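Coordinate inspection notes
Each chain is listed here by its residues.
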Amino acid sequence: MLELLACSRVRRAVIAALLTGSKNIADLAETSGSSRPNTIHLIEPLLKARMVARDGNRYALTPIGRANAVVLQEAIDGIEVLQSDFWKTHDLGSIPDHLMARIGALARGQVICPNGDLLKAQHNFVDVVSSAKEIYGVSSVFFLDWPAMILAAYAAGATIHLILAPEIQAKLPETLSVLGQVSPQMEIIYKPCQAAFTVADNVLSIGLFALGGGYDPLQDFICEGPKAATWGRELYDYYLNY
């Protein structure tokens, strides 16, 4: 069934439109950028396969059609995300397979890169975290301005959960280290990890290691929205529980 849905760009556009509700042929043709006769031609196999049902002049996904369409849309979103050079030029080993399979949740994200400002990615990261009310982060890398950023978020009332590589502990100022052990507002866990990402409210910021092995401080991938935040929280839970 997925092959039937995926084999035509116009058909994929029709299915995406039907995911939002029933449509008539005029609506579907306009959305897909195709002619009405061609749209009708492409819908016919979906009707025969009982993926789409017709009620008068309107078309809608059947329950099994919707289930297949959701799977297809997630796969297409994931493929589109991975077209970015950011993913092609970095080590993806820090992302477990079950979340890589759902990387389409980051479909609305963007790469933050220097463009003349070598610290642009870090400045953007600081801005995101400083104003957040709930923070989940995992990091095996350390930057000098991060403790001040975390302490500022803490002072502003943020609830903070951090998983840090053990070697980072000695680099933290005593105030932050103590708060992470005694404050109910901040939790710091030290355990081996090879990752660098933060979920700040509904914003996910993720950095990756270059294929050569070193962490790339010049680029971050930022994605905003509940789907991205949920994906990021699940990545945090993976490092918490593995």
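In what follows, the structure referred to is the one given above.
As a starting point, this report considers the structure included with it.

Reading the values: rules and limits
- Residues numbered from 1 in each chain as written.
- Predicted model: local features only at pLDDT ≥ 70, side-chain atom pairs only at ≥ 80, totals over all residues.
- Heavy atoms only, no water.
- Pairing = 2+ DSSP bridges.
- Helix = DSSP H or I, 4+ residues; strand = E, 2+ residues; numbered from the N terminus.
- Buried < 20%, exposed > 50% of the residue type's maximum accessible area, 1.4 Å probe, protein only.
- Contact = heavy atoms within 4.5 Å.
- Polar contact = N/O pair within 3.5 Å; in protein donor to acceptor, adjacent residues only side chain to side chain.
- Expected span 1.5 Å × (residues − 1).
- Arc of directions from axis to C-beta.
- Axes fitted to C-alpha atoms, helices over the stretch in contact; angles between N-to-C directions.
- Parallel < 35°, antiparallel > 145°, perpendicular 65-115°, else oblique.
- Left-handed = near helix turned anticlockwise from the far one by under 90°.
- Right-handed = clockwise from strand over helix to strand, strands pointing away.
- Core = buried A, V, L, I, M, F, W, Y, C linked by side-chain atoms within 4.5 Å.
- Nonpolar A, V, L, I, M, F, W, Y, C, P; charged D, E, K, R; others polar.

**What about the sheet that holds strand β3 (residues 58–61)?**
- Across the sheet, three strands lie side by side as β1-β3-β2; this open sheet has antiparallel pairing. Each of the sheet's edge strands pairs with one partner strand only, and the pair in question is β1 (23–24) and β2 (52–55).
- Pairing of β1 with β3 involves two bridges; the strand directions are antiparallel. What sits directly across from N24, in β3, is R58.

**Quick look at the environment of H90**
- Within the fold, H90 resides in strand β4 (residues 90–91).
- We classify H90 as buried; its relative accessible area is 4%.
- Between the C-alpha atom of H90 and that of I135, which follows or precedes it by 45 residues, the distance is 25 Å.
- The contacts of H90, once residues within four sequence positions are left out, are L208, F209, A210, L211, D216 and Q219.
- For H90, the side chain forms a polar contact with the side chain of T89, separated by 3.3 Å.

**Some points on helix α11 (residues 226–241)**
- Its 16 residues place the ends of α11 22 Å apart at the C-alpha level, agreeing with the 22 Å of an ideal helix rising 1.5 Å per residue.
- Turning to α11, its buried residues are A228, A229, W231, G232, L235, Y236 and Y239. Along α11, the residues classed as buried sweep out an arc of 160° about the axis, all on the same side. For α11, exposure combined with an orientation more than 90 degrees from the buried face picks out P226, K227 and N241.

**Concerning the packing of helix α2 (residues 9–18) against helix α3 (residues 25–32)**
- Closest axis-to-axis distance for the α2/α3 pair is 9 Å, and the angle between their directions is 120°. Relative to α3, α2 is oriented oblique. Judged by the twist between their axes, the crossing of α2 over α3 is right-handed. From α2, R9, V10, A13, V14, A17 and L18 reach across to α3, where they touch L28, T31 and S32.

**Overview of the pairing of strand β8 (residues 186–190)**
- Pairing of strand β7 (residues 159–164) with β8 involves five bridges; the strand directions are parallel. Each residue of the ladder has a partner; that of I163, found in β8, is I189.
- Taking the sense of rotation as the criterion, the β-α-β connection linking β7, helix α10 (residues 174–182) and β8 turns out right-handed.

**Overview of the sheet that holds strand β12 (residues 220–224)**
- Read across the sheet, seven strands follow the order β5-β12-β10-β9-β6-β7-β8 without closing on themselves; strand pairing throughout is mixed. Bordering the open sheet on either side are β5 (110–112) and β8, each of which pairs with just one other strand. For this sheet, the mean inter-axis angle between neighbouring strands, taken without regard to orientation, is 15°.
- Together, β6 (134–139), β7, β8, β9 (196–200), β10 (203–207) and β12 form the strand contacts of α11, whose direction differs from that of β9 by roughly 130°.

**Concerning the nonpolar core**
- W87, L106, I160, F197 and W231 are the most contacted members of the largest nonpolar core, which has 55 residues in total.
- Contacts of L106, omitting those with residues within four sequence positions, involve V81, W87, L204, F221, C223, A228 and W231.
- In this structure, I43, V52, Y59 and A69 belong to the second largest nonpolar core, which totals 15 residues.

**Concerning the packing of α3 against helix α4 (residues 36–48)**
- Where α3 meets α4, the closest approach of the two axes is 9 Å, and the angle between their N-to-C directions is 100°. It follows from the interaxial angle that α3 and α4 lie roughly perpendicular. Contact residues: α3 offers I25, A26, L28, A29 and S32, while α4 offers R36, T39, I40 and I43.
- For the contact of α3 with α4, a count of residues per class yields six nonpolar, two polar and one charged.

Honestly, it's all geometry; don't read function into it.
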